[in-house]
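# Inside the fold
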There are 2 protein chains.
Amino acid sequence: MPVSQEKNTVEGDAGPVRERLLDTAERLFSEHGFEGTSVRELASAAGCNIASVNYYFGSKEKLYEEIFRRHLIPMRNARIASIDRVMTESSGRPKLEDLLQSFANAFIEPLADETKAARFMKLMGREMVDSHLPSDVFAKEMAIPTLKAIQIALLKACPGLDESRAVLVAYSIIGQLLHAVHIRPMFEQACDAEVPKYELSRIIDHIVAFSAAAIRAYAEGRNE
Amino acid sequence: MPVSQEKNTVEGDAGPVRERLLDTAERLFSEHGFEGTSVRELASAAGCNIASVNYYFGSKEKLYEEIFRRHLIPMRNARIASIDRVMTESSGRPKLEDLLQSFANAFIEPLADETKAARFMKLMGREMVDSHLPSDVFAKEMAIPTLKAIQIALLKACPGLDESRAVLVAYSIIGQLLHAVHIRPMFEQACDAEVPKYELSRIIDHIVAFSAAAIRAYAEGRNE
DNA sequence: GATAGCTTAAAACATTTGTTTGAATTGTCA
DNA sequence: TGACAATTCAAACAAATGTTTTAAGCTATC
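The present account deals with the structure reproduced in this document.

Rules of the game
- Within every chain, residues take consecutive numbers counted from 1 along the sequence as written.
- Chain letters and ligand numbers both follow the written order, the letters beginning at A and the numbers at 1.
- Local features are withheld for residues below a pLDDT of 70 in this predicted model, meaning they are given only at 70 or higher, and side-chain atom pairs are given and counted only at 80 or more; totals for whole chains, interfaces and linings count all residues.
- Only hydrogens and water are removed before side-chain values are computed, so all heavy atoms of the structure are retained for them.
- Each helix is a run of H or I in the DSSP string that is no shorter than four residues. Each strand is a run of E no shorter than two, and both are numbered from the N terminus.
- In this scheme, a residue with accessible area under 20% of its type's maximum is buried, one over 50% is exposed, and one in between is partly exposed, where area comes from a 1.4 Å probe on protein chains only.
- Contacts are assigned to residue pairs with any non-hydrogen atoms lying within 4.5 Å of each other.
- Method for areas: the Shrake-Rupley scheme with a 1.4 Å probe, in which residue coverage is limited to the protein chains shown.
- As used in this record, nonpolar core signifies buried Ala, Val, Leu, Ile, Met, Phe, Trp, Tyr and Cys residues forming a set joined through side-chain atoms within 4.5 Å.
- Here the expected span of a helix is defined as 1.5 Å times the quantity of residues minus one.
- Two axes enter the definition of the bend at a residue: one is fitted to the seven residues ending there, the other to the seven starting there, and the bend is the angle between them.
- Any residue with a heavy atom positioned within 4 Å of a molecule or strand is treated as near that molecule or strand.
- Counted as a polar contact is a pair of N or O atoms within 3.5 Å, where, for protein atoms, one must be capable of donating a hydrogen and the other of accepting one, and residues adjacent in sequence contribute only when both atoms are in side chains.
- Note on definitions: buried area is the accessible-area loss of two parts on being combined, 1.4 Å probe, summed for both.
- Residue type decides the class: Asp, Glu, Lys and Arg count as charged, Ala, Val, Leu, Ile, Met, Phe, Trp, Tyr, Cys and Pro as nonpolar, and the leftover types, Gly among them, as polar.
- Under the pairing criterion, centres of Phe, Tyr and Trp rings, with the six-membered ring standing for Trp, must be within 6.5 Å; the plane angle then separates stacked pairs below 30 degrees from edge-to-face pairs above 60, leaving the rest tilted.
- Charges are assigned to positions over rings by a cutoff of 6 Å between ring centre and Lys NZ or Arg CZ, combined with an angular limit of 35 degrees from the ring normal.

Before going further, it helps to spend a moment on the overall build of chain A. For chain A, the count of helices and strands is nine helices and zero strands. In sequence order, chain A lays out its α and β elements as α-α-α-α-α-α-α-α-α. Counting every position in chain A, which comprises 224 residues, the buried fraction comes to 52%. A separation threshold of at least 6 residues defines the contact pool for chain A, and within that pool the share at least 24 residues apart is 70%. When the accessible surface of chain A is totalled, it reaches about 10500 Å², and 52% of it is carbon and sulfur.

Right, here's the structure in full:
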């Protein structure tokens, strides 16, 4: 693939080569995927030599792993921390809407700053359907711990909620949030007026209200 | 009297080369992605010559497009038809659960048969985060029409539902369904007992009940 | 049996891929 | 300064990429 030269945005001379490579690779991998990005494009965009990739990281794959190592745990911790914050602030019995809003904000926050963590968000989406990470580090380091945290928080916020259903509710919430992330690119290019405008904050508010209502129905209403 | 037509016996020996290539490419693209699948692997798995790809389809990309052309419209129509069926059977005023259950089944059905359309489902997931289709054919041919259909069906099923909110509700439903699709591979390999078992039918039932409850709260309850 | 038209086959095409090499350059400390 | 390590560089590596070419095989019609 010729791959248009795109932007000549050499990531600048900001910082040492190793960091420039990490930042540049994060952007290119998120835009064109792992196989869709060549080491030469990468080095060119980062303004360094081709050999630097192997010099600093050993291989293209190791560089890819390093990107995740840099962001995965902090991002997971941020999500769990946002849950914990609501829990402590409410003395262990948070209002359902507060819990959901807080988690949704932590989840979607990286999308707000256009440049920094938004790329990694996209990259995570790719990794979910096209894994290049060894073993199941993504599930173990990110998905399962986050799921656990939101699950027990939900049980605290809604004592009437059945435990076996709490995990399903967590799926629903995360599914909605992820979908909000995924559909954004579709709106950005296809401005056909055929489709409503994309307002992230409106979507988030909806997800919170929608989920809260559904959970209440589970907790209060029928148990079967 | 005709000559015996013995041929190679690699894999999909059934049918002419063109169809074998389409089936094989569907599987390989869904498993390893577009860039992750070489024309040689493809031809080898289909039991034909390398040149056949370009002979029948012109290029690797055209073959990719043909796969979608084969499935996209029928799958979309199946989804919309499942909605229409509920609408007519209920004389235009369906029970909310029936509408949701019917749509969810049509949405998830391809996952049931392990081999046939399940691969294409996976492929659609890839296409959403890593587009190789020209322009926005996926949005125009699949996403938007399906969204429109479920949206107006929701309004019919719930007259109290605000129109501007109907599209958000549709996002929530599709987001949950897609997530149910995406998380399955995570469960299949990581059987750590750390995570609950994956039961698709249980998840579907939950999504239906969860969404119905939330929609009712929207339609009946608060308007603000 | 000869002819024409698809279809298949093997090989070569020209790039591009990730990686390695070894020399040049830079920086650091004695 | 001189010596030594760390870094950068251009070049070359072997392998793999999508595509094209050229010749052979096949099947039908005359």
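Picking up where we left off.
A few words on the nonpolar core. The biggest cluster of nonpolar side chains holds 147 residues, and the ones touching the most others in it are A:Leu154 and B:Leu154. Contacts of B:Leu154, omitting those with residues within four sequence positions, involve B:Leu96, B:Leu99, B:Leu100, B:Leu161, B:Ala166, B:Val169, B:Ala170, B:Ile173 and B:Ile215.

Attention shifts here to helix α5 (residues 96-112) of chain B. All names here are of chain B. For α5, spanning 17 residues, the distance from its first C-alpha to its last is 24 Å, which sits close to the expected 24 Å at 1.5 Å a residue. Residue Ala106 marks the point of greatest curvature in α5, where the axis turns by about 35°; the proline Pro110 follows within four residues. Counting buried positions over the 17 residues of α5 gives 12, a clear majority of the element.

Next up on the list: the protein's contact with DNA strand C. In the vicinity of DNA strand C there are 15 residues, among which A:Val39, A:Arg40, A:Lys60, B:Val17 and B:Tyr56 approach most closely. Near-protein atoms of DNA strand C (within 4 Å) split between backbone and bases, with sugar and phosphate holding 48%. A distance of 2.8 Å is found between a phosphate oxygen of DNA strand C and a backbone nitrogen or oxygen belonging to A:Val39. In this structure, a base nitrogen belonging to DNA strand C sits 3.4 Å away from a side-chain N or O atom of B:Asn49. Elements represented by at least two residues in the surface near DNA strand C include exactly α2 (39-46) and α3 (51-57) of chain A together with α3 (51-57) of chain B. Broken down by element, the surface near DNA strand C gets its largest block of residues, three residues, from α3(B).

Here we come to unusual backbone geometry. Of note in the backbone geometry, A:Ser91 takes a positive phi value of approximately 60° without being a glycine. Relative to the helices and strands, A:Ser91 resides in the loop between α4 (60-89) and α5 (96-112).

Opposite the 48 residues of chain A that make contact, chain B presents 48 residues. Taking both partners together, chain A and chain B bury about 4200 Å²; carbon and sulfur atoms supply 66% of that area. At the surface where chain A touches chain B, the tally comes to 12 residue pairs in polar contact (both at pLDDT 80 or more). Counting residues per element, the ones that place at least two in the side of chain A that touches chain B are α6 (118-129), α7 (137-157), α8 (163-189) and α9 (200-220) of chain A. Its residues placed into classes, the side of chain A that touches chain B shows 26 nonpolar, 12 polar and 10 charged.

This next bit is on the protein's contact with DNA strand D. Neighbouring DNA strand D are 16 residues; A:Val17, A:Tyr56, B:Val39, B:Arg40 and B:Lys60 lie closest to it. For DNA strand D, the fraction of atoms within 4 Å of the protein that belong to sugar or phosphate moieties is 51%. Taken together, the elements giving at least two residues each to the surface near DNA strand D come down to α3 of chain A together with α2 (39-46) and α3 of chain B. With three residues, α3(A) is the largest single contributor of residues to the surface near DNA strand D. Here the surface near DNA strand D is built from residues that sort into eight nonpolar, five polar and three charged.

Residues and elements named next belong to chain A. Inspection of every chain in the model, using the stated rule, returns 17 aromatic pairs over all chains. Note on Phe103 and Phe107: the rings are 5.8 Å apart at their centroids and 50° apart in plane angle, and the pair reads as tilted. A residue pair is termed a helical-turn pair when its members lie 3 or 4 positions apart in one helix, as Phe103 and Phe107 do in helix α5 at four residues. Take Phe103 and Phe107: they sit in the same class, and that class is buried. Each residue in the set Phe29, Phe34, Tyr64, Phe68 and Phe120 is aromatic and connected to the rest through ring pairs, giving one cluster. When the ring centre of Phe107 is taken as reference, the NZ or CZ atom of Arg79 above it lies at 3.9 Å.

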